[in-house]
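Topology and contacts: notes
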Amino acid sequence: LMHFLSLVSRRASHLARQQYDVIVVGGGHAGTEAAAAAARVGAETLLVTQKTNTIGALSCNPSLGGVGKGHLVKEVDALDGLCGRAGDWAGIHFSILNRSKGPAVWGPRAQLDRQRYREFIQSELLSTPRLTVLEGSVEELLVTEPNPEEPGHHRVTGIHLANGSHPILASSVILTTGTFLSGSLFVGQTTSPGGRIGDAPSSAGLSHTLRERLGLRIGRLRTGTPPRIVKDTVDLSLTNLHPPDSHPTPFSFLNTHTRCKPEEQLPCYLTHTTPGVDRVVRESLHLNCHIQQDTKGPRYCPSIESRVLRFPGRRHQVWLEPEGLNSDLLYPQGLSMTMPPDVQLRLIREIPALHRAEIHTPGYGVQYDFVCPTQLSPALQVKSTQGLFLAGQINGTTGYEEAAAQGLWAGVNAARSALSMPPVALSRTESYIGVLIDDLVSRGVTEPYRMFTSRAEFRTSLRPDNADLRLTLKGFEEVRCVSSLRYQEAVRVRDGLQDALAALQTLTLSTHLWRKKLPDIGISESKSTILTGMDLLQYNNVSFEMLASVFPECLSPYMEFSQRLNIEAVYRPHCDLQKKEIERIQKEENMTLPQDIDYFSLPVSLSQEVREILDRVRPSTLGAATRLQGMTPAAVVNLLRYVQHTGQRGRRTHRNQPDQKEEREEELCARNASLPQ
């Protein structure tokens, strides 16, 4: 693979073509998914990255999934993305988090082998049709005058490389710069330019183009990573061993098992901080310039310095996680730190299990620029700039999974734009990806955004087990990013589940007969009614396997769907209750607000504050407008009336100025509305 990469890199220095449909800048989780998705849609795609051998690298924690994050991985896989299959190939410790709660909020998670994951991603990209990989650094974007028939003040038409070669043109450009956009590394009182230790910093010209030439609002965020510890120097007998699940659950709907066999999986280890850790943090604050700055860091993955300062005297968890099957390093999750290396060693040795530990690579902090995401459309295109799309940490998020989800969707829409197809959007009623993007473009961020199940209003419908039924069919029929092989499998599963549910519904018995056939189930003897097999599955102590053992002739053909049927039975009543609310939101999402609307002259009763909010964010739909901070119920009602009024009148363009005031108002409504009848 490395030999092949070097050949690709050399060949890329003499590109056969200087124009592509889509150019993707950056080879992290967002960039790899974006490039693969754009190519799957049918676009000739170029992926530009500083070093080809770091494509798909796990910069921080070698893990994938978790609560909320696992939902994103399943959805990316349902849309034929890479990270789910890569996780199944590289996973060395699989577990389902939150298993004590309902299946809707279970969190599929895997600890990964760094080398295996990187090799899988690189192999997939290099074998993807219509995708070229180029090693290089992007100096700046090519910016021209916009197409007057489309909204926007500028148009991006390609990139300039830092080596001074000829410009490379493209219809769409996707920036997935991660932490490299004007990135700075911090260790103790030392600061150096860069986005990841060991890699060159990105060009300052790119950040300058976004800020000065395109006029985008830019913010600053920070993150960090812990030191890597030599495994043989850790006393694991002083930790609590946490084994993986005995039966690994794959991320991908195409896989029935993982590459790592159950008996080959590695355990994780749990330990805790001590008062000595607090003492070292406080004594070294004057040596730590990263923690003294005001830049916002991740609330849900804070550094050990932030934890000690926010929660003094508290005992904090530290997870010691393997970095690979053959790696001699451990990743201490919970010990992200930016103090000087010698102080880092003092700190970790205050933990009993690490009292003789040695550090292989010290922890460090990163500060980087991000673009305020309210400047993006739901297609992840910059509203003011034609042809420019953003995905990943450049939009203010944190985490591999959030980056991968954005990358896939930006890749889809960048390709569709380049191929003259309309953009597509995912509603928050149908996916966690839709929730993620809607939160970003409607509400923006004040700190690195992380996905949680609590962010989704309809999480009983948006479960990990049904992501394929929710998205794969749409991905093939509408979005065009899903292969026919995956589509055929999703159709087979859908039809099989429908047949199984129909069989359960036709299986009807009185409660008396059910008690005779299943004497251990808890049906009250005072209850006398007719129950279906679906009704029975909603009882806690009843499973599809039990029913199939009693009625093998009609249920045994569907045993492969047993777990999914058990989950479907539990949540079906809740999903039925949510249908009306989902339909209401979907109706609002279909009410489009044009991007060139003048909210300050809109003939509607809106306060000046609301007009300023609408003008600044420019929501693409009425549904997005209702979720903006500062939007009052009265403002929503008045905006709804305006949308319905203009929708009834339809689109009309008047080139001549009417004389009467009444006609001028009609023209304004017609010009500003773009609603279906």
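Residues numbered from 1 in each chain as written. Predicted model: local features only at pLDDT ≥ 70, side-chain atom pairs only at ≥ 80, totals over all residues. Heavy atoms only, no water.

Going by an unreviewed UniProt entry, the protein chain carries the name Mitochondrial tRNA translation optimization 1 and comes from Lates calcarifer. For the protein chain, the Cofactor (unreviewed entry) comment in UniProt is given as "FAD". The Sequence similarities (unreviewed entry) field of the UniProt record for the protein chain holds the comment "Belongs to the MnmG family." (UniProt positions renumbered as here; feature names shortened; annotations may be inferred.)

1. Overview of the overall build of the protein chain
Check the secondary structure of the protein chain and you find 22 helices and 23 strands. The C-alpha atoms of the protein chain give 27 Å as radius of gyration, which agrees with the globular expectation for 677 residues (26 Å, within 12%). Seen along its three principal axes, the alpha-carbon backbone of the protein chain occupies a region of about 85 × 70 × 55 Å. Classification of the 677 residues of the protein chain by burial places 59% in the buried group. (Helix = DSSP H or I, 4+ residues; strand = E, 2+ residues; numbered from the N terminus. Rg over C-alpha atoms; globule rule 2.2 N^0.38 Å. Buried < 20%, exposed > 50% of the residue type's maximum accessible area, 1.4 Å probe, protein only.)

2. Quick word on the packing of aromatic side chains
Evaluated as defined, the whole model comprises 4 aromatic pairs. Centre to centre, the rings of Phe476 and Tyr487 are 4.0 Å apart; their planes meet at 15°, and the pair counts as stacked. Of this pair, Phe476 sits in helix α12 (residues 467-479) while Tyr487 sits in helix α13 (residues 484-506), placing them 11 residues apart in sequence. Among the residues examined, Phe476 registers a relative accessible area of 30% and is labelled partly exposed. For Tyr487, a relative accessible area of 18% gives the class buried. (Phe/Tyr/Trp six-rings, centres within 6.5 Å; stacked < 30°, edge-to-face > 60°.)

3. What about the packing of helix α4 (residues 83-90) against helix α5 (residues 114-126)?
Their axes nearest at 8 Å, the elements α4 and α5 cross at an angle of 135°. When the axes of α4 and α5 are compared, the pair comes out oblique. Viewed along their axes, α4 and α5 form a crossing whose handedness is right-handed. Facing Cys83, Arg85, Ala86, Gly87, Trp89 and Ala90 of α4, the residues of α5 in contact are Arg116, Tyr117, Phe120, Ile121 and Glu124. Per-class residue counts for the contact of α4 with α5 are 7 nonpolar, 1 polar and 3 charged. (Axes fitted to C-alpha atoms, helices over the stretch in contact; angles between N-to-C directions. Parallel < 35°, antiparallel > 145°, perpendicular 65-115°, else oblique. Left-handed = near helix turned anticlockwise from the far one by under 90°. Contact = heavy atoms within 4.5 Å. Nonpolar A, V, L, I, M, F, W, Y, C, P; charged D, E, K, R; others polar.)

4. Considering the sheet that holds strand β5 (residues 107-112)
Pairing is antiparallel across the open sheet formed by 3 strands, whose spatial order is β3-β5-β4. Edge positions in the sheet fall to β3 (63-65) and β4 (91-97), since each has one partner strand and no second. Across the sheet, the mean angle from the axis of one strand to that of its neighbour is 15°, orientation sign disregarded. Alignment of β4 against β5, held across 6 bridges, turns out to be antiparallel. Bridge pairing in β5 places Phe94 opposite Ala110. (Pairing = 2+ DSSP bridges.)

5. Here's the deal with the nonpolar core
One broad rule of soluble globular proteins: the nonpolar side chains tend to lie buried together. If you look at the biggest cluster of nonpolar residues, it comprises 110 residues, and the most contacted ones within it are Ile23, Leu141, Ile159, Val173, Leu175, Leu210 and Leu388. In terms of residue count, the dominant contributor to this core is helix α10 (residues 400-418) (11 residues). What Val173 contacts, discounting residues up to four positions off in sequence, is Ile23, Val25, Leu141, Val156, Gly158, Ile159, Gly387, Leu388 and Phe389. Within the second largest apolar cluster, 26 residues are counted, among which are Ala503, Leu536, Ala548 and Leu565. (Core = buried A, V, L, I, M, F, W, Y, C linked by side-chain atoms within 4.5 Å.)

6. Remarks on helix α9 (residues 341-348)
Listed as buried for α9 are Val343, Gln344, Leu347 and Ile348. For α9, the angular spread of buried residues about the axis comes to 135°, placing them on one side. Contacts from the buried residues of α9 go to β10 (184-187), β13 (228-230), α7 (275-283), α8 (304-310) and β18 (359-361). (Arc of directions from axis to C-beta.)

7. Re the sheet that holds strand β12 (residues 218-225)
Ordered by their spatial adjacency, 4 strands build an open sheet running β11-β10-β19-β12, and the pairing between neighbours is antiparallel. Every interior strand has two partners, whereas the edge strands, β11 (190-193) and β12, have only one. Neighbouring strand axes in the sheet, compared pairwise and without regard to direction, differ in orientation by 25° on average. In this structure, β10 lies alongside β11, joined through 4 bridges in antiparallel fashion. By the bridge assignment, Leu185 is partnered in β11 with Ser192.

8. Thoughts on the confidence of the model for the protein chain
Per-residue pLDDT for the protein chain has a mean of 89; in total, 93% of the residues score no lower than 70. Ignoring residues within four places in sequence, the model shows residues 651-677, a span with pLDDT below 50, making 43 contacts including any to other chains. (pLDDT = per-residue confidence, 0-100.)

9. A short note on helix α3 (residues 69-78)
Residues spaced three or four apart along an α-helix face the same direction, because each turn holds 3.6 residues. Within α3, 10 of the 10 residues are buried, leaving the element largely enclosed by the surrounding structure. Those residues of α3 that fall on the buried side of the exposure criterion are Lys69, Gly70, His71, Leu72, Val73, Lys74, Glu75, Val76, Asp77 and Ala78. Of the residues one or two after α3, Asp80 is the one with positive phi, at around 75°.

10. Remarks on the domain arrangement of the protein chain
When its domains are assigned, the protein chain resolves into domain 1 (18-482), domain 2 (497-577) and domain 3 (591-648). For domain 1 and domain 3, the distance between their C-alpha centres works out to 34 Å. Across the contact, 10 residues belong to domain 1 and 9 residues belong to domain 3. When domain 1 packs against domain 3, the two sides together hide about 750 Å² of surface, and 51% of this comes from carbon and sulfur. Among the residues domain 1 hides against domain 3, the three largest losses belong to Lys383, Ser442 and Arg443. Together they make up 50% of the total. (Domains from an automatic or database assignment. Buried area = accessible area lost by both parts, 1.4 Å probe.)

11. Thoughts on the packing of α12 against α13
One way to put it is that α12 packs onto α13 with a least axis distance of 9 Å and a crossing angle of 135°. Relative to α13, the element α12 lies oblique. When you trace α12 past α13, the crossing you get is left-handed. Contacts between α12 and α13 involve Asp468, Leu469, Thr472, Leu473, Phe476 and Glu477 from the first element and Ser484, Arg486, Tyr487, Ala490, Val491, Val493, Arg494 and Leu497 from the second. A breakdown of the residues in the contact of α12 with α13 according to their chemical character gives 8 nonpolar, 2 polar and 4 charged.

12. Structural notes on the side chain of Thr54
Here Thr54 is to be found in the loop between β2 (45-49) and β3. Classification of Thr54 as buried rests on a relative accessible area of 18%. A distance of 2.9 Å separates a polar side-chain atom of Thr54 from the backbone oxygen of Lys51. Discounting chain neighbours no more than four positions away, the residues touching Thr54 are Gly27, Arg118, Gln122, Arg196 and Asp199. (Polar contact = N/O pair within 3.5 Å; in protein donor to acceptor, adjacent residues only side chain to side chain.)

13. With respect to the pairing of strand β1 (residues 19-25)
The buried fraction of β1 is high, at 6 of 7 residues. Here 6 bridges tie β1 to strand β9 (residues 168-175), and the two strands are oriented parallel to one another. Considered in β9, the bridge of Ile23 is made with Val173.

14. Section: the pairing of strand β16 (residues 317-322)
Regular strands have side chains that alternate between both faces of the sheet. Relative to β16, strand β15 (residues 268-272) runs antiparallel, the two sharing 4 bridges. Among the inter-strand pairings, Tyr269 is bridged to a residue of β16, identified as Leu320. Pairing of β16 with strand β17 (residues 329-333), which is carried by 4 bridges, proceeds in the antiparallel orientation. Of the residues in β17, the one forming a bridge with Leu320 is Pro332. The turn linking β16 back onto β17 is made up of 6 residues.

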